Amino acid sequence: MERDITKVLEVLTKDSKYHLNIIIEGLLIGIVSGLIVSFYRFLINSGESIVFNVISIVKTNVFYTVLWFVILILMGLFICYLIKFEGDTAGSGVPQVTGEVKGYIDANWLKLLFTKTIGGFISSLGGLSLGREGPSVQLGAMASKGLSKVLKAPNTDETLFILAGSGAGLAATFNAPIAGLLFTLEEIDHTFNKKVVFVGLIAAVTADFIAKIFFGQSTVFKIASPNIPLDYYWLLIILGILLGFAGYLFNRGLIGASNLWEKYNVPIELRIVPTFIICGICGFFIPQILEGGYSMVNSLNYLIPGITIILLLLIGKFLLTILSSSSGSPGGIFFPILAIGAYVGALFSAIAIPVFGLNPTIAYKFIIISMAGMFASTIRSPITGIILVTEITGSAHTLVALAIVSIIAYMIPTILNNDPIYTSLLNNILEKRNQHKYEDSTKPILANYTVPLSSSCENRKLNDIPLPDTILVISIIRDDNYIIPDEDTVLKYGDELYILMESGRFSKDNRKIEKIIYDGKV
C-alpha cells in the first residue's frame with residue numbers, strides 16, 4: 001500500500017514530464033477513439049443508405065418482400081446471439097460506461113469493441129430507431145480502456161482513459177469536441193477534475209480532427225434561421241414547458257417498457273425479433289421514422305410539413321424509439337431524442353407562427369432550440385445539450401434562447417421527480433445483474449472528488465467526516481497547491497480530494513463517498 005501511495009504522490013508532483021505525459025495520453029486516446037468511432041460512423045451511415053435502398057426495391061415485389069422479412073428475422077436472431085455472447089452489447093452504451101467509471105461494471109473491452117460495432121451496424125441495417133452516439137461513447141471508452149492495458153498504464157489511470165475516450169467518441173460521431181468533453185464531465189464523471197478536463201479536451205479535439213478527415217468539416221445539420229423578436233421571447237417559456245413534459249413522457253415510456261419486458265420475463269428473442277419485424281413494416285408505410293433521425297431532421301430544412309404529418313411522424317418516432325431501445329437492441333437514443341425534439345419544435349411553430357403572424361422562417365429557430373430542450377429534459381445535461389446543438393447546427397447566435405428553453409425543460413421532469421434517462425437505465429442494468437461490485441480484485445484505484453458549494457463537508461475536519469475506513473485521502477489540491485492532509489485538515493469549497501481505494505470495494509465505497517460529499521449525508 002505504501003508503494004502505491006508513493007507512486008500516486010509522484011504523479012501528483014509538478015515534475016517536468018507530467019504535463020508532457022498527459023498531452024501524449026490525450027493525443028493517443030483521441031487517435032484510437034477517433035479511428036474506431038469514425039469506422040463505426042461509416043458503417044452506420046452505410047447501413048442507413050442500404051436499408052432505404054432495399055425498401056424501395058422490395059416493396060414492389062411480393063417475393064422480395066417475404067425474403068426481406070426473413071432476413072430481418074435472421075438479423076434479429078443474430079443480435080440476440082451477440083448480446084448473449086457479450087451482455088454489454090445491448091442498449092445505448094452510455095449507462096454501461098457510467099457503470100464502468102463508478103466501478104459497477106468491468107467489461108471485456110476487446111469483445112465489446114467487436115460485438116457493439118457489428119451489433120450497431122445490424123441494428124442500422126434493420127432500420128431500428130436508434131442512433132450511433134451512445135455506442136460511439138461506449139466504443140471510444142472501450143478503445144481507450146484497451147489502450148490503457150496495452151500501454152500498461154497505472155491502474156489509477158484507467159478511469160481517466162475511459163472518461164477521455166467516451167468524450168472523444170462523442171466528439172468524433174458529432175464533429176462536436178466541446179460537447180464531447182462537456183458530456184463526459186456533466187453526464188458521466190459529474191466533476192470538473194482538471195486532469196480529466198485537460199486530457200479529455202485534447203482527446204476530443206484529436207478525435208474530432210480525425211473524424212473531419214473522413215467526413216469533412218461541415219456541421220451535422222445546416223439549418224439557418226432568423227432571430228426570434230424579443231417581444232415574443234415569452235413563447236420560449238411555453239416551448240420549454242412542452243419539451244419538459246415531452247421528455248418526462250419519453251423517460252417514463254422507455255423505462256416503463258423496459259420494466260414490462262422484465263416483469264413478464266420475456267426472452268430476448270421475443271423482444272428483438274418482433275422489433276425488427278415492426279421496423280420492417282414501418283419501412284413500407286412510414287420510412288421517415290426509421291434509423292437515428294438524421295434524415296428525418298434534415299428533411300425539415302427543405303420542407304416543413306403540415307400539422308397532421310408532423311404529429312404522425314412525431315408520435316411514430318416517439319413510439320418506435322421506445323420499442324427499439326427497450327428491446328435491448330444495440331444502438332443509442334441520443335439522435336432519436338434530438339429528432340423528437342426537432343418535431344416538437346416544428347409542431348409548436350406550425351401553431352404559433354400563424355397565430356401570432358411571425359416570420360415563417362422562425363420555425364427553424366424553434367426546431368433548433370427544441371433539440372436542446374428535449375436533450376435537457378431527458379438526459380438532464382443542459383449545458384451539454386446547449387453546446388451540442390450549437391456545434392451541430394452552427395447556430396452560436398441562438399445561445400440565449402437555447403439556455404432559456406433548456407433550463408425550463410430541465411426543471412419540469414426534475415420537479416416531477418423523474419430520474420435522468422441514463423441514470424434509470426443504469427439502475428435497471430444493475431438490478432437485472434444483481435451485481436454491484438467486484439470483490440475479486442484488490443488493485444488500487446485513485447478517485448477524485450471536488451467539494452461542491454454548500455456541501456455538508458465544507459469547513460469540517462477530515463476526522464469528523466465518516467468516510468469509509470477502507471479508503472485513504474492522500475492529497476488535496478487547493479488553489480493549485482498540493483496539501484498532504486491529516487485528520488485535522490479542514491475541507492474548503494472547491495477542494496479536490498484524491499482518494500485511494502481498492503477496486504474490489506470501489507462501487508461500495510464510491511457510493512458512500514458521493515452521498516457524503518455531494519448529497520450531504522454526513
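See the structure shown above.
Owing to the predicted nature of the structure, the values given are computational and were not obtained by experimental measurement. (Residues numbered from 1 in each chain as written. Predicted model: local features only at pLDDT ≥ 70, side-chain atom pairs only at ≥ 80, totals over all residues. Heavy atoms only, no water.)

**Q** How would you explain the overall build of the protein chain if you had to name every residue and give the values?
**A** In terms of regular secondary structure, the protein chain is built from 19 helices and four strands. Over its C-alpha trace the protein chain gives a radius of gyration of 23 Å, about what one expects of a compact globule, namely 24 Å for 522 residues. Each principal axis of the C-alpha atoms in the protein chain carries an extent, and together these give about 75 × 55 × 45 Å. By sequence separation, contacts in the protein chain at least 24 residues apart represent 83% of the contacts at least 6 residues apart. Element-wise, carbon and sulfur atoms account for 64% of the exposed surface of the protein chain, whose accessible area totals about 21700 Å². In the protein chain, 38 positive and 40 negative side-chain charges are present, and the distance between their average locations comes to 6 Å. (Helix = DSSP H or I, 4+ residues; strand = E, 2+ residues; numbered from the N terminus. Rg over C-alpha atoms; globule rule 2.2 N^0.38 Å. Contact = heavy atoms within 4.5 Å. Areas by Shrake-Rupley, 256 points an atom, 1.4 Å probe, with all protein chains shown as cover. Lys, Arg positive; Asp, Glu negative; His and termini not counted. Charge placed at Lys NZ, Arg CZ, Asp CG, Glu CD.)

**Q** Residue-level account of a negative patch on the surface, with values.
**A** Taken together, Asp-464, Asp-486, Glu-487 and Asp-488 make up a surface patch of like negative charges. Mapped onto the fold, Asp-464 is located in the loop between strand 1 (444–450) and strand 2 (472–478). (Patch = residues over 30% accessible without salt bridge, like charges linked within 9 Å, V, L, I, M, F, W, Y side chains within 5 Å. Salt bridge = Lys/Arg side-chain N within 4 Å of Asp/Glu carboxyl O.)

**Q** Tell me about the nonpolar core, residues and numbers included.
**A** Judged by nonpolar contacts, the single largest core of 131 residues is most densely connected at Phe-174, Phe-183, Phe-250, Phe-334, Leu-388 and Tyr-422. Those residues in contact with Tyr-422 that lie beyond four places of it in its chain are Ser-92, Val-94, Pro-95, Phe-183, Glu-187, Ile-333, Phe-334 and Ile-379. Core analysis: the next-biggest nonpolar cluster, separate from the first, contains 19 residues, Leu-462, Leu-491, Ile-499 and Met-501 among them. (Core = buried A, V, L, I, M, F, W, Y, C linked by side-chain atoms within 4.5 Å. Buried < 20%, exposed > 50% of the residue type's maximum accessible area, 1.4 Å probe, protein only.)

**Q** Pulling in residues and values, what's your account of unusual backbone geometry?
**A** Positive phi, normally seen in glycine, also occurs at Asn-265, with a value near 50°. Locating Asn-265 in the fold gives a position in the loop between helix 10 (234–263) and helix 11 (269–285). Notably, Arg-380 is not glycine yet its phi reads approximately 65°, a positive angle. Locating Arg-380 in the fold gives a position in the loop between helix 15 (362–379) and helix 16 (382–393). Under the relative-accessibility criterion, Arg-380 is labelled buried at 9%.

Worth remembering: the numbers are spatial, not functional.
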